Amino acid sequence: IQPYTFAFCHSLTSVTIPNSVTTIGDHAFYECIWLTNVTIPSGVVSLGEASFGACNRLTTVSLPTSLTDIGQGAFGSCGVLRSAVLPPGLVNVGAYAFSNCAQLSNPVIPNSVTSIGDYAFKGCLDVTSATFLGNAPSQMGYQVFSGVPSGFRIYFFENKTGFTSPTWQGYQSVPLTLQVSVEQPAGVNLANGAQSSFGNTQIGQGASLQYKLSNTGTANLTGLAVSLVGVHPGDYTITGPGIGNLGSGLTTTFTVTFTPTAPGTRTAVLKIGTDLAVDP
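Residues numbered from 1 in each chain as written. Predicted model: local features only at pLDDT ≥ 70, side-chain atom pairs only at ≥ 80, totals over all residues. Heavy atoms only, no water.

A. Seen up close, the packing of aromatic side chains. Under the criterion given, the structure shown has 20 aromatic pairs. With a centroid separation of 5.5 Å and 5° between ring planes, the pair formed by Phe98 and Phe121 is classed as stacked. Of the two residues, Phe98 sits in the loop between strand 6 (92-93) and strand 7 (108-109) while Phe121 sits in the loop between strand 8 (115-116) and strand 9 (129-132), which places them 23 residues apart along the sequence. Here Phe98 matches Phe121 in class, with each residue buried. For Arg57, the ring lying beneath its charged end belongs to Trp34, and the centroid distance is 3.7 Å. (Phe/Tyr/Trp six-rings, centres within 6.5 Å; stacked < 30°, edge-to-face > 60°. Helix = DSSP H or I, 4+ residues; strand = E, 2+ residues; numbered from the N terminus. Buried < 20%, exposed > 50% of the residue type's maximum accessible area, 1.4 Å probe, protein only. Lys NZ or Arg CZ within 6 Å of the ring centre and 35° of its normal.)

Next up, the structure:
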């Protein structure tokens, strides 16, 4: 999509961008004041300068995992933009990229980001923290978070490099630990790689075990999910946990039911993941 293609189209209310698009040029949708939400399709790798700037009714943007570059001021002055989840694989957040997005939610910076430009989140009045999943970006611009509320904090994981505490880049900074414990039965902690057994079970009949999951780290776990992989995952089903987020110090439970479909030893691997973990 070429630069200025739809700029100043003040009556444009919706747009469908085809999957064949790989770049959206400078000011392509600048000041499309009635555009309220946009889905940028998989395949788009870069957003040009001010490509959606001053779209002052834009509330949500869906960014694809193919995206590596958000250009300067791409969403600048989108005053009611609330949701723009930065995708894994993103490398660069340009200067002023989200400046004056007064209602933007707290950003989570993927571990792939190596560069954040000057004033990228300037004037984001609802941003009270930013969480970095990886090492500190090698290029960090000037006053990236200027004009945010007092008490703003940077969160980073204690095993990542380039950060300092209690301050980093002039902002309060807090190291986080990412840790969970799994008990089965309750009170018996399972180390990573440990095994639990359902014993001898008749083909077609189910046997269940309940697991207790505790957040023993300091990071709030978001996007919590339990899944099965391995040799025979189809012989097992998971019920719960019924929540997607688990705060520090909190616990939840889930149940695994084993219903064998063939004789012999049947196995699967239980994985517990969160969107804060690079390798769940």
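B. Focus on the pattern of salt bridges. Within this structure, the stated rule accounts for one salt bridge. Residue Asp235 is joined to Arg266 by a salt bridge in which the shortest nitrogen-to-oxygen separation is 2.7 Å. Of this pair, Asp235 sits in the loop between strand 17 (225-229) and strand 18 (236-239) while Arg266 sits in the loop between strand 19 (251-258) and strand 20 (269-273), placing them 31 residues apart in sequence. Like Arg266, Asp235 is buried. (Salt bridge = Lys/Arg side-chain N within 4 Å of Asp/Glu carboxyl O.)

C. Quick look at the sheet that holds strand 14 (residues 180-183). Read from one edge of the open sheet, five strands run 15-14-16-19-18, paired in antiparallel fashion. One side of each edge strand has no neighbouring strand; the edge strands of this open sheet are strand 15 (189-190) and strand 18. Bridge count between strand 14 and strand 15: two bridges; the pairing is antiparallel. Across the sheet, residue Val182 finds its bridge partner in strand 15, namely Leu190. (Pairing = 2+ DSSP bridges.)

D. How the structure looks around the nonpolar core. Among the nonpolar cores identified, the biggest contains 50 residues, and Phe52, Ile70, Phe75, Leu81, Phe98, Phe132 and Phe145 are the most heavily contacted of them. Contributions of two or more residues to this core are made by strand 9 and strand 11 (153-157). Not counting residues up to four positions away in its chain, the partners in contact with Phe75 are Leu47, Phe52, Leu58, Val61, Leu63, Ile70, Leu81, Ala97, Phe98, Ser99 and Cys101. Leu209, Leu221, Leu224 and Phe254 belong to the second largest nonpolar core, which has 14 residues in total. (Core = buried A, V, L, I, M, F, W, Y, C linked by side-chain atoms within 4.5 Å. Contact = heavy atoms within 4.5 Å.)

E. Broad picture of the sheet that holds strand 8. Pairing within the open sheet is parallel, and its six strands lie in the order 1-3-5-6-8-10. The open sheet has two edge strands, strand 1 (23-24) and strand 10 (139-140), and neither has a second partner. Here strand 6 pairs with strand 8 via two bridges, running parallel. Counted as the bridge partner of Asn92 is Ser115 from strand 8.

F. Spotlight on the side chain of Glu183. Inspection of the secondary structure puts Glu183 in strand 14. No salt bridge is formed by the buried Glu183; its nearest oppositely charged neighbour, Lys212, is found at 4.2 Å. One polar contact links the side chain of Glu183 to the main-chain amide nitrogen of Gly187, over a distance of 2.6 Å. Ignoring any residue separated from it by four or fewer positions in sequence, one finds Glu183 in contact with Val188, Asn189, Gln210, Tyr211 and Lys212. (Lys, Arg positive; Asp, Glu negative; His and termini not counted. Polar contact = N/O pair within 3.5 Å; in protein donor to acceptor, adjacent residues only side chain to side chain.)

G. Seen up close, unusual backbone geometry. Residues Ser165 and Pro166 are joined by a peptide bond in cis, for which omega reads 20°. For Pro166, the position within the fold is in the loop between strand 11 and strand 12 (167-168). Pro241 follows Gly240 through a cis peptide bond whose omega is -5°. Mapped onto the elements of the fold, Pro241 is located in the loop between strand 18 and strand 19. The backbone of Tyr119 shows a phi angle near 55°, a positive value even though the residue is not glycine. With respect to the helices and strands, Tyr119 occurs in the loop between strand 8 and strand 9. Phi at Gln143 takes a positive value of approximately 50°, unusual for a residue other than glycine. Within the secondary structure, Gln143 sits in the loop between strand 10 and strand 11. Judged by its relative accessible area of 35%, Gln143 falls in the partly exposed class.

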